[in-house]
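Structural characterization, general
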Amino acid sequence: EICIECSDRIKTVEIECNMYEQKLMLDTTVENRRPDENNLYGASALIGSGKEFGEQWLFSKIDYGIIRNILLKRIKSICLLIPRLNNNVTSVTAYNLMRRFCSIGTTWNNNDSRSTNTAKAVLTDNYYIIDITGFTVDSETQNFIESLGFVLKPKSDENSYSLISTGDCYDKPQILEITYFN
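Residues numbered from 1 in each chain as written. Predicted model: local features only at pLDDT ≥ 70, side-chain atom pairs only at ≥ 80, totals over all residues. Heavy atoms only, no water.

Digging into the pairing of strand S3 (residues 54-62)
- Most of S3 sits out of view: nine of its nine residues are buried.
- As defined by bridge partners, strand S2 (residues 44-50) adjoins S3 across three bridges and the pair is classed as antiparallel. Bridge pairing in S3 links Gly48 to Gln56. (Buried < 20%, exposed > 50% of the residue type's maximum accessible area, 1.4 Å probe, protein only. Helix = DSSP H or I, 4+ residues; strand = E, 2+ residues; numbered from the N terminus. Pairing = 2+ DSSP bridges.)

A short note on a nonpolar patch on the surface
- Taken together, Ile2, Ile4, Ile10, Val13 and Ile15 make up a surface patch of nonpolar side chains, about 490 Å² in accessible area.
- Topologically, Ile15 is positioned in the segment before strand S1 (25-31). (Patch = residues over 30% accessible without salt bridge, like charges linked within 9 Å, V, L, I, M, F, W, Y side chains within 5 Å. Areas by Shrake-Rupley, 256 points an atom, 1.4 Å probe, with all protein chains shown as cover. Salt bridge = Lys/Arg side-chain N within 4 Å of Asp/Glu carboxyl O.)

Some points on the layout of surface pockets
- Estimates place the volume of the largest pocket at around 1,400 Å³.
- Those elements that place two or more of their residues in the lining of the largest pocket are S1, S2 and strand S9 (161-165).
- Split by residue class, the lining of the largest pocket holds 14 nonpolar, nine polar and ten charged.
- Of the volumes computed, that of the second largest pocket is approximately 290 Å³.
- Lys23, Gly167, Asp168, Cys169 and Tyr170 are, among the 20 residues lining the second largest pocket, the residues nearest its centre. (1 Å grid on protein atoms, 1.4 Å probe; cavity = no way out; pocket = protein on both sides within 12 Å on 5 of 7 lines; lining within 4 Å. Points joined across faces, edges and corners; volume = space filled by probe spheres on them. Nonpolar A, V, L, I, M, F, W, Y, C, P; charged D, E, K, R; others polar.)

A short note on the packing of aromatic side chains
- Throughout the structure, instances matching the rule amount to four aromatic pairs.
- Residues Trp57 and Trp108 carry aromatic rings whose centres are separated by 4.2 Å and whose planes lie at 40 degrees to one another, so their mutual orientation is tilted. Here the residue Trp57 occupies a position in strand S3, and Trp108 occupies one in the loop between strand S5 (92-96) and strand S6 (118-123), the gap between them amounting to 51 residues. Take Trp57 and Trp108: they sit in the same class, and that class is buried.
- Considering the side-chain rings of Phe135 and Phe150, the 6.2 Å spacing of their centres and the 40 degrees angle between planes classify their relative orientation as tilted. (Phe/Tyr/Trp six-rings, centres within 6.5 Å; stacked < 30°, edge-to-face > 60°.)

Focus on the environment of Arg68
- Following the sequence through the fold, Arg68 ends up in the loop between S3 and strand S4 (75-83).
- For Arg68, a relative accessible area of 37% translates into the label partly exposed.
- Separated by 76 residues in sequence, Arg68 and Phe144 place their C-alpha atoms 9.9 Å apart.
- Excluding residues within four positions of it along the chain, Arg68 makes contact with Phe144 and Glu146. (Contact = heavy atoms within 4.5 Å.)

Overview of the pairing of S4
- Most of S4 sits inside the fold, with eight of its nine residues counted as buried.
- In this structure, S4 lies alongside strand S10 (residues 175-180), joined through six bridges in antiparallel fashion. Across the sheet, residue Ile75 finds its bridge partner in S10, namely Tyr180.
- With five bridges connecting them, S4 and strand S7 (residues 127-131) associate as antiparallel partners.

Quick look at the structure:
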């Protein structure tokens, strides 16, 4: 039995029920409204800020074991395509993490998201496209380097958000595009 309650202001509710399986993108959302919690298995994330959740970020990393054979090649680029699930437009920036995060234990209060190495998310009609080559590829050798992950944050603290897919979403999954030399 499932009971879903929401505000009378809500016009639409979308529900996705998944079973756990190994996934390429490991991620969790954190928010300042619930600073000691996270949303480990959520199929979507609200990047930005709103009255109900405060400011929300998405911590993300690649499970390299799944694609190890591709990463042995010389790599041209690695881009993450994240589906947009609403029409709101929020500028988003990815920050390379200086310390490994734990998707189970990371919260707003214990995260370490300091970084000067950033990647801007380019917005299209359906996706945020983030070129994470600078986080994952040695620029001189084109060899893969294992990243500790990255965090997606809104560019400003305006009261807006974008609803995006996470690594747990089956309906509109994230796409990791790896271009390599033959």
